[in-house]
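The chain contents come next:
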Amino acid sequence: MLKKTGIYAIVGLILVFAFLHVGFAPAQHTPRTTGTTLLGGIAFILMTCTIILSTRLAIFEDWFGGLDRMYQVHRVMGVLTALFALVHFFGVPKEVPVGMDPVVNSIVPSAPLGMLGLIFLVIGLFIALNRKIRYSWWRPTHKIMGIVYLLIVGHFFTAPEIFVEQYSASGVLLLVAAAVGVVSLFYSVFGMNRRTAIPFTIQEVNALERATEVVLKPIGKTLQFKPGQFAFVEVQGKNWNEPHPFTISSAPGDDYLRFTVKVLGDWTRKVREELKPGSKVLVRGPYGRFDAEIATNKQIWLAGGIGLTPFLSKLRAMKPGDARQVHLVYAAREVRDAIFLDELRARATELGNVTLVPLFSEEGNFARVDMMKKKLPDPLNSYEYFMCGPKPMVDGLMKDLKSEGVTRDRIHTEAFEFR
Ligand SMILES: Cc1cc2nc3c(=O)[nH]c(=O)nc-3n(C[C@H](O)[C@H](O)[C@H](O)COP(=O)(O)OP(=O)(O)OC[C@H]3O[C@@H](n4cnc5c(N)ncnc54)[C@H](O)[C@@H]3O)c2cc1C
């Protein structure tokens, strides 16, 4: 669920800036100068917040409801930054400020820095939002956003006094934002945003139908996590490139850590075809706030395909006598695609409080609200929902549940992508 604390903090910061900027605008500022520099300042605050979120600090996961939500907010703020910056650019007066020497004005680098920053921002955003670009190329190119940020900081610092009173209250707020933003940028660029790596060796690589189970044995201490959380997995060796995020499918406290990996692209295919027992792996985490323990007792878990993994961990961790009444709806294309179905059936029988509802689209059964209405004993708005699966399935269910009167705070989702 998207927690609102982080959003409120960002909106609050923007409102404080707007109040200081407009309320204490110097007498020589025209309304146009005040308005367009206000938009420029808001763009700068938004961009600073996107950079701060890249630090992946645990406190921000609490504020936004998990790392996947942080990246969603990061993306929206990136787009808003560009919009505000464009209006600022086209609206801000271009003439030489009254009282300023034209020669001095021509050597002040503020305008060229701002223009360069804006050009790179638009290019960077185009790349960032383009899903056709492979992730392994996308990731390094996304780093140009760091250079954009430094250009914009330079633009602000060298802006003629007529536009930005740097030591006014709103100017000081932007200076503080710039300082925090630059520290956050270097924190992320130099990899300090990664949690401590815990080393493991590969114990087993099990080929399942359309997925691969990777079983890891800790070399020293193991990873502490809650059911439903995920971690970044980094295989040590040539050509394994960047870390990839996967939900931990084992239960906390198990001797081995398990990931269940669907073959989607080059890296996940390599896991299936080339990863061998004995290889070394670094695991960083845990991340995520997809936590069913803190929810009410009547819960619906909706899993689509590989979206089963967080529920697998939750089910493996559950003890007999658990007070929750859980309906696990597991949607797959056909029976052979439904990995771990036998284990789920056995766990449901053993636990007693879990009802398993497998649905196969090849048989014409889909995870839909009308089906839930028929199968569930109580009204839909009396349950709390946890969903993980393909985006169209999750979006469709979310819309239909809302129209059945289920409030957004009762629907929790985990997205298997960051961009
Ligand atoms: C929070 C989270 C939990 C996940 N849990 C699981 C799981 O339990 N099981 C499972 O099979 N998959 C899971 N995924 C998805 C998994 O990370 C991708 O399928 C995998 O990284 C694809 O890599 P690829 O190179 O084989 O495919 P590609 O075709 O290169 O990538 C497919 C998509 O995966 C994403 N992706 C690729 N590489 C990375 C990366 N290094 N970091 C972040 N995203 C990347 C991108 O959105 C990309 O468009 C999870 C993803 C997230 C964000």
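Preceding this paragraph is the structure being described.
Report on the accompanying structure. Keep in mind it's a predicted model, so treat the numbers as computed, not measured.

**Quick look at the site of the ligand**
Then, number 1: Around the ligand there are 23 residues in total, and P243, H244, P245, K262 and T268 lie nearest to it.
Then, number 2: A distance of 3.3 Å separates a nitrogen atom of the ligand from a polar atom in the side chain of Y135.
Then, number 3: One nitrogen or oxygen atom from the main chain of G265 is found 3.1 Å from an oxygen atom belonging to the ligand.
Then, number 4: When residues of the shell around the ligand are traced back to their parent elements, those giving at least two are β4 (244-247), β5 (257-262) and α10 (266-274).
Then, number 5: The greatest single-element share of the shell around the ligand, amounting to four residues, is contributed by β4.

**Thoughts on the sheet that holds strand β10 (residues 384-388)**
Then, number 1: An order of β9-β8-β7-β10-β11 is seen for the five strands of this open sheet, with the pairing classed as parallel. Strand pairing shows two members of the sheet lacking a second neighbour, β9 (354-360) and β11 (411-413), which therefore form its edges. Taken over all neighbouring pairs, the strand axes of this sheet differ in orientation by 15 degrees on average, direction set aside.
Then, number 2: As paired elements, strand β7 (residues 298-304) and β10 share five bridges and run parallel to each other. Within β10, the position partnered with L302 by the bridge is M387.
Then, number 3: Sheet contacts for helix α11 (residues 309-317): β7, β8 (325-332), β9 and β10; angle to β7, the most-contacted strand, approximately 135 degrees.
Then, number 4: With respect to the sheet, helix α14 (residues 391-403) is in contact with β7, β10 and β11, its orientation differing from that of β10 by roughly 160 degrees.

The rules behind each value
- Residues numbered from 1 in each chain as written.
- Predicted model: local features only at pLDDT ≥ 70, side-chain atom pairs only at ≥ 80, totals over all residues.
- Heavy atoms only, no water.
- Near = heavy atom within 4 Å.
- Polar contact = N/O pair within 3.5 Å; in protein donor to acceptor, adjacent residues only side chain to side chain.
- Helix = DSSP H or I, 4+ residues; strand = E, 2+ residues; numbered from the N terminus.
- Pairing = 2+ DSSP bridges.
- Axes fitted to C-alpha atoms, helices over the stretch in contact; angles between N-to-C directions.
- Contact = heavy atoms within 4.5 Å.

Geometric descriptors of this kind do not, in isolation, establish any biological role.
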